Amino acid sequence: MNPPPTRIEDRFFVGITGASGVIYGVRVVRALAILGYFVEVAITDAGYRVLQIELGMRIDPATRDAGALAGDAPVSRIRIFNNRSIDAGAASGTYPLRGVIVVPCSMGTLGRIANGYASCLIERVADVALKESRPLVVVPRETPLSKIHLDHCNRLAWAGARIVPAMPAFYHLPKTIDDLVDHLAGKILDAAGVEHNISKRWGVLSKPPGDPGPRPDLEDDAAPGNLAPGDLAPHDGEGCDS
Ligand SMILES: Cc1cc2nc3c(=O)[nH]c(=O)nc-3n(C[C@H](O)[C@H](O)[C@H](O)COP(=O)(O)O)c2cc1C
């Protein structure tokens, strides 16, 4: 169990639900822990199942050992809560949390958050983030999107959430799935206001001290920052943020 919270700046809550793309959630949890944050995690029943299907990651919902989720990240900074524990600290607006990230977010969970259901810990913590005006980043994954899905995304954005769809980008010339995952994880951390350099930024190659990235295998001539202006960019490269 990680130590009790002291400062709001120290702690994030990450919800992993049963949408495809649980690898994004794993990457975000590990990056936050490596960057020095305490990460409180809850996983829906469907989320446990998709972790097993897509990553072969078996986490026992009864014991919720965080070892597999942590990987090489410091496990002491990660704690998995029972998603039915609506009495957990993070369920209260008084609890010190820097932000909440739901990644990946199923359309079911997204719809329930958008309508204030708060029927489990993840939905409650997201609901509290909205009422307390705390950063809430939601990473929906579904395609195609129905009008109901779009309406729920719009409703959440209207209420103050940042919607970061799990849409991979290609302008950074990814070579591996990890490259694609890191890029989206970087966008998620950006939306959560976390300083990091786990992914390449357009035109920027330097990395701040203490950051886990960029990955060494991305340091090559094909990196976007090493291209001559106009080689790849649709314009002169300024303001490329998609
Ligand atoms: C392998 C797998 C992939 C899935 N991918 C998605 C998805 O991308 N988006 C989605 O909304 N639901 C997806 N689902 C369905 C959800 O898991 C299902 O709607 C579930 O009830 C969501 O519950 P939760 O919101 O409590 O996690 C997937 C299910 C499985 C088994």
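1. Points about the overall build of the chain
Counting its secondary structure elements, the chain contains 7 helices and 6 strands. The helix and strand sequence of the chain, counted from the amino end, reads β-α-β-α-α-β-β-α-α-β-α-β-α. Taking all 242 residues of the chain together, 42% fall into the buried category. If you take every contact in the chain between residues at least 6 apart in sequence, the share linking residues at least 24 apart comes to 70%.

2. Quick look at helix H5 (residues 121-131)
Burial runs high along H5: 9 of the 11 residues are buried. Those residues of H5 that fall on the buried side of the exposure criterion are Leu-121, Ile-122, Glu-123, Arg-124, Val-125, Ala-126, Asp-127, Val-128 and Ala-129. For H5, the secondary structure elements touched by its buried residues are strand S1 (11-16), strand S2 (38-43), strand S3 (78-81), strand S4 (99-105), helix H4 (107-114) and strand S5 (136-140).

3. Here we look at the site of the ligand
The full set close to the ligand counts 16 residues, and Thr-17, Gly-18, Ala-19, Thr-44 and Ala-46 are the nearest of them. For the shell around the ligand, the secondary-structure elements that each account for two or more residues are helix H2 (45-55) and H4. Top contributing element to the shell around the ligand by residue count: H2, with 5 residues.

4. Regarding the sheet that holds S4
On the basis of which strands lie adjacent, the open sheet formed by 6 strands has the order S3-S2-S1-S4-S5-S6 and parallel pairing. Two strands lie at the open edges of the sheet, namely S3 and strand S6 (162-163), each paired on one side alone. In this fold helix H7 (residues 177-191) packs onto S4, S5 and S6, with an angle of close to 150° to the strand it touches most, S5.

5. Section: the packing of H4 against H5
In contact at an axis separation of 9 Å, H4 and H5 are set at 40° when each is read in the N-to-C sense. Regarding the angle of H4 to H5, the classification is oblique. Two packed elements cross with a definite hand, and for H4 against H5 that hand is right-handed. In this structure, H4 contributes Thr-109, Arg-112 and Ile-113 to the contact, and H5 contributes Ile-122, Glu-123, Ala-126 and Asp-127. Its residues assigned to classes, the contact of H4 with H5 shows 3 nonpolar, 1 polar and 3 charged.

6. Re the nonpolar core
Ranked by size, the top nonpolar core spans 67 residues in total, and within it Val-28, Val-41 and Ile-188 carry the most contacts. The element contributing the most residues to this core is helix H1 (residues 22-34), with 10 residues. Apart from the residues lying within four places of it in its own chain, the contact partners of Ile-188 are Val-28, Ile-101, Val-103, Val-137, Val-139 and Val-164.

7. A look at the pairing of S4
Within a regular beta strand, the side chains point alternately toward one face of the sheet and then the other, so they alternate between its two faces. Of all 7 residues in S4, 7 are buried, a share of seventy percent or more. Strand direction decides the pairing type here: S4 and S5, joined by 4 bridges, are parallel. Following the sheet pairing, Ile-101 is matched in S5 by Val-137.

8. Concerning the environment of Ile-163
Along the chain, the position of Ile-163 falls in strand S6. Remark: the alpha-carbon pair of Ile-163 and Ala-191, spanning 28 residues in sequence, is separated by 8.6 Å.

9. Notes on the environment of Arg-79
Mapping Arg-79 onto the fold places it in strand S3. Residue classification places Arg-79 among the partly exposed positions, given that 16 C-beta atoms sit within 10 Å. Sequence-wise, Arg-79 and Ala-42 are 37 residues apart; in three dimensions their C-alpha atoms are separated by 8.5 Å.

10. Here we look at unusual backbone geometry
Following Val-103, the chain continues into Pro-104 via a peptide bond in cis, with omega recorded as -10°. By the secondary structure assignment, Pro-104 is in strand S4. Omega for the peptide link from Thr-143 to Pro-144 comes to -10°, which places this bond in the cis form. Mapped onto the elements of the fold, Pro-144 is located in the loop between S5 and helix H6 (147-159). Phi at Ser-133 is positive, roughly 55°, even though this residue is not glycine. Position of Ser-133 relative to the elements: it lies in the loop between H5 and S5. Take Ser-133: there are 9 C-beta atoms within 10 Å of it, and that puts it in the exposed class. Positioned with a positive phi, Leu-173 is a non-glycine residue whose angle comes to about 55°. Mapped onto the elements of the fold, Leu-173 is located in the loop between S6 and H7.

Conventions and cut-offs
- Residues numbered from 1 in each chain as written.
- Predicted model: local features only at pLDDT ≥ 70, side-chain atom pairs only at ≥ 80, totals over all residues.
- Helix = DSSP H or I, 4+ residues; strand = E, 2+ residues; numbered from the N terminus.
- Buried ≥ 20, exposed ≤ 12 C-beta atoms within 10 Å, placed from the backbone.
- Contact = placed C-beta atoms within 7 Å.
- Near = placed C-beta within 6 Å.
- Pairing = 2+ DSSP bridges.
- Axes fitted to C-alpha atoms, helices over the stretch in contact; angles between N-to-C directions.
- Parallel < 35°, antiparallel > 145°, perpendicular 65-115°, else oblique.
- Left-handed = near helix turned anticlockwise from the far one by under 90°.
- Nonpolar A, V, L, I, M, F, W, Y, C, P; charged D, E, K, R; others polar.
- Core = buried A, V, L, I, M, F, W, Y, C linked by C-beta atoms within 7 Å.

That's the geometry; what it means functionally is another story.
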